[in-house]
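Topology and contacts: notes
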Amino acid sequence: MVELSPYRRHVLSTRFPRVRLHDDVATFRPPRADVVVGGPPCQETSVAAAVHGRRTGASLWPDMLRVGLDAGAKWFVVEQPTGNAPWEAEVCGDLSRAGFHVARLEFGACDVGAPYLRRRVFVLACSDLSRLEVAWSARSSAIDRVKGAAAARSAWNAGQLATLRVDAVSAGEVDGASPRCRRERIEALGDSNPPEMMEIVARMIASAVAARWRDDG
């Protein structure tokens, strides 16, 4: 994993103590990997950036592309908020020129039972078109399975969520008077997706890998 923020690196190292953690994607030299997953920071590509006049299109996507190619990845998974078609087109174009076939998947946390929207775009790319087609055909069943599993383990506690202040800015949580650790926690949560969303994509890729194993005997 690669994360620049010291606070977020601390959280990640606590949650995943056996996973290697690097601090800067620009200097990261990856090991061999079949799948590269990332959400290049969206501060200058998102709808929120456009609303505040700060959308420049700049992101760490070029570094993610370089990491994936250096790793010899067969799959790319690129996650972003919705609402930036030009940036998505740039990502898809770069992947196509690198020899990958690309599909665009959009869904929200609400589609797996969460009591909030959290819509996201996942650009899914594979060097093998037939494997991408298998993954794409598995999307609906993957969503249904993840939603069912989340419901079975009561993943969404709507009662607890209803007690939280969801507008951190108006609540005074991110102003200069708030503790830095509190602001960093809110910002980190704002940049995060529930793991059930990535589980959908993982199940899609797993379906394609399993189909390849069957074909190879």
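Report follows, based on the coordinates. As the structure is a prediction and not an experimental result, all values here were calculated from the model. (Residues numbered from 1 in each chain as written. Predicted model: local features only at pLDDT ≥ 70, side-chain atom pairs only at ≥ 80, totals over all residues. Heavy atoms only, no water.)

Secondary structure assignment for the chain yields nine helices and four strands. Walking the chain from its N terminus toward its C terminus, one meets helices and strands in the order α-β-α-α-β-α-β-β-α-α-α-α-α. A buried classification covers 33% of the 217 residues belonging to the chain. Partitioning the intrachain contacts of the chain with sequence separation of at least 6 by distance along the chain shows that 67% fall at a separation of at least 24. As presented, the chain carries roughly 12,600 Å² of accessible surface, and 55% of it is formed by carbon and sulfur atoms. (Helix = DSSP H or I, 4+ residues; strand = E, 2+ residues; numbered from the N terminus. Buried < 20%, exposed > 50% of the residue type's maximum accessible area, 1.4 Å probe, protein only. Contact = heavy atoms within 4.5 Å. Areas by Shrake-Rupley, 256 points an atom, 1.4 Å probe, with all protein chains shown as cover.)

The next subject is the nonpolar core. Trp-75, Phe-122, Leu-124, Ile-200, Val-201 and Met-204 are the most contacted members of the largest nonpolar core, which totals 22 residues. Elements that contribute at least two residues to this core include exactly β2 (75-81), β3 (101-108), β4 (119-126), α5 (129-137), α6 (139-152) and α9 (195-215). No other element matches α9, which puts six residues into this core. The residues touching Phe-122, leaving out its near neighbours within four places in the chain, are Val-77, Val-78, Glu-79, Ala-103, Arg-104, Leu-105, Phe-107, Met-197, Met-198 and Val-201. (Core = buried A, V, L, I, M, F, W, Y, C linked by side-chain atoms within 4.5 Å.)

Among the secondary structure elements, Arg-118 is positioned in the loop between β3 and β4. For the buried residue Arg-118, which engages in no salt bridge, the nearest side chain bearing the opposite charge is Glu-79, 5.5 Å off. A polar contact of 2.6 Å, which involves the side chain of Arg-118, links it to the backbone oxygen of Ser-192. There is a polar contact of 2.8 Å between the side chain of Arg-118 and the side chain of Asn-193. (Lys, Arg positive; Asp, Glu negative; His and termini not counted. Salt bridge = Lys/Arg side-chain N within 4 Å of Asp/Glu carboxyl O. Polar contact = N/O pair within 3.5 Å; in protein donor to acceptor, adjacent residues only side chain to side chain.)

Time to look at the pattern of salt bridges. Under the criterion given, the structure shown has 12 salt bridges. Ionic pairing is found between Arg-203 and Glu-199, a salt bridge with its closest N-O pair at 3.3 Å. Taken as a pair, Arg-203 and Glu-199 lie in helix α9 at a separation of four residues, close to a single helical turn. Where salt bridges share partners, they join Glu-88, Arg-104, Glu-106, Asp-111 and Arg-119 into one cluster.

Taking strand neighbours across the sheet as the criterion, the four strands line up as β1-β2-β4-β3 in an open arrangement whose pairing is mixed. At either end of the open sheet lies a strand with only one pairing partner, and these are β1 (35-38) and β3. In this sheet, adjacent strand axes meet at a mean angle of 15° when their direction is disregarded. Of the strand pairs in this sheet, β1 and β2 are connected by four bridges, and their pairing is parallel. Bridge pairing links Val-37 to Val-77 in β2. Most of the contacts of α9 go to β4, to which it runs at about 20°, and overall it touches β1, β2, β3 and β4. (Pairing = 2+ DSSP bridges. Axes fitted to C-alpha atoms, helices over the stretch in contact; angles between N-to-C directions.)

Enumeration over the complete set of coordinates arrives at four aromatic pairs. A ring pair is formed by Trp-61 and Phe-76, whose centres lie 6.2 Å apart and whose planes are at 70°; its orientation type is edge-to-face. Linking Trp-61 in helix α3 (residues 61-71) with Phe-76 in strand β2, this pair joins segments that are 15 residues apart in sequence. Take Trp-61: its relative accessible area is 0%, and that puts it in the buried class. With centroids separated by 5.1 Å and ring planes inclined at 90°, the aromatic side chains of Phe-76 and Phe-100 adopt a geometry described as edge-to-face. One end of the pair, Phe-76, is in strand β2; the other, Phe-100, is in the loop between α4 (85-97) and β3, with 24 residues separating them in the sequence. Residue classification places Phe-76 among the buried positions, given a relative accessible area of 0%. Look at Phe-100 and you get buried, because its relative accessible area is 7%. A connected cluster of aromatic rings, assembled from ring pairs, spans Trp-61, Phe-76 and Phe-100. (Phe/Tyr/Trp six-rings, centres within 6.5 Å; stacked < 30°, edge-to-face > 60°.)

Honestly, that's just the spatial picture; any functional story needs more than this.
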